[in-house]
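Report on the structure
Each chain, written out:
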Amino acid sequence: MSDVYTAQIQVRWGDSDRLGHVNNTRYVEYMQEARIQFLEAKLAPLGGRPGYLVVRKMTIEFLKPVTDRSGPLNVEIFTTHVGTSSFTVRHVIRDNAGVECAFGDALMVGFDTVSEKSRPLADSERAVLEASLVQMTTS
């Protein structure tokens, strides 16, 4: 069974426009905050290097507006693919009623700060990421 991580994120006063809708760029920030919590909670205790991972690509699908009253948000995090040096993280943003507002994927790459090139994932990283792996079905 996969290990889905859930991070709680507050909707901040400055996140929304005059109509009370959260700006679309904030969704990326919510996903990043949740992903950092996930990586620090899961990788750091096992000797993983959450700071040595970079985002290569990110996609988001907006399903329902997040408003000032939607928070706190729950962002579910799990992996959908684990490769040699990269992995894909799925983020699912739900409002305080549990309604899915958006989802997005981030293609993450292990990064060597000295060579500034990709690096293979460490065994400890791979173990955590594989424990969070959810097989996605296409329809």
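Let us look at the structure shown here. What you see is a predicted model, and the numbers here were worked out from it, not measured in a lab.

Evaluation of the coordinates by the stated rule reveals 10 salt bridges. Put simply, Arg12 and Glu33 hold a salt bridge, and the shortest N to O gap is 2.9 Å. Note that Arg12 is positioned in the loop between strand S1 (5-9) and helix H1 (24-42) and Glu33 in helix H1, a separation of 21 residues in sequence. Note that Glu125 is salt-bridged to Arg119, the shortest N-O span being 2.9 Å. Just as Glu125 is buried, Arg119 falls in that class too. A cluster of three or more residues bridged by salt bridges with shared partners is formed by Arg12, Asp15, Arg26, Glu29 and Glu33.

Bringing the pairing of strand S4 (residues 86-94) into the picture now. Of all nine residues making up S4, eight are buried, and the element is well covered by its neighbours. Taken together, the eight bridges between strand S3 (residues 73-82) and S4 define a ladder with antiparallel strand orientation. If you follow Val82 over to S4, its bridge partner there is Phe87. Once S3 ends, the chain turns through three residues before running back antiparallel as S4. Here nine bridges tie S4 to strand S5 (residues 100-112), and the two strands are oriented antiparallel to one another.

How each quantity is defined
- Residues numbered from 1 in each chain as written.
- Predicted model: local features only at pLDDT ≥ 70, side-chain atom pairs only at ≥ 80, totals over all residues.
- Heavy atoms only, no water.
- Salt bridge = Lys/Arg side-chain N within 4 Å of Asp/Glu carboxyl O.
- Helix = DSSP H or I, 4+ residues; strand = E, 2+ residues; numbered from the N terminus.
- Buried < 20%, exposed > 50% of the residue type's maximum accessible area, 1.4 Å probe, protein only.
- Pairing = 2+ DSSP bridges.

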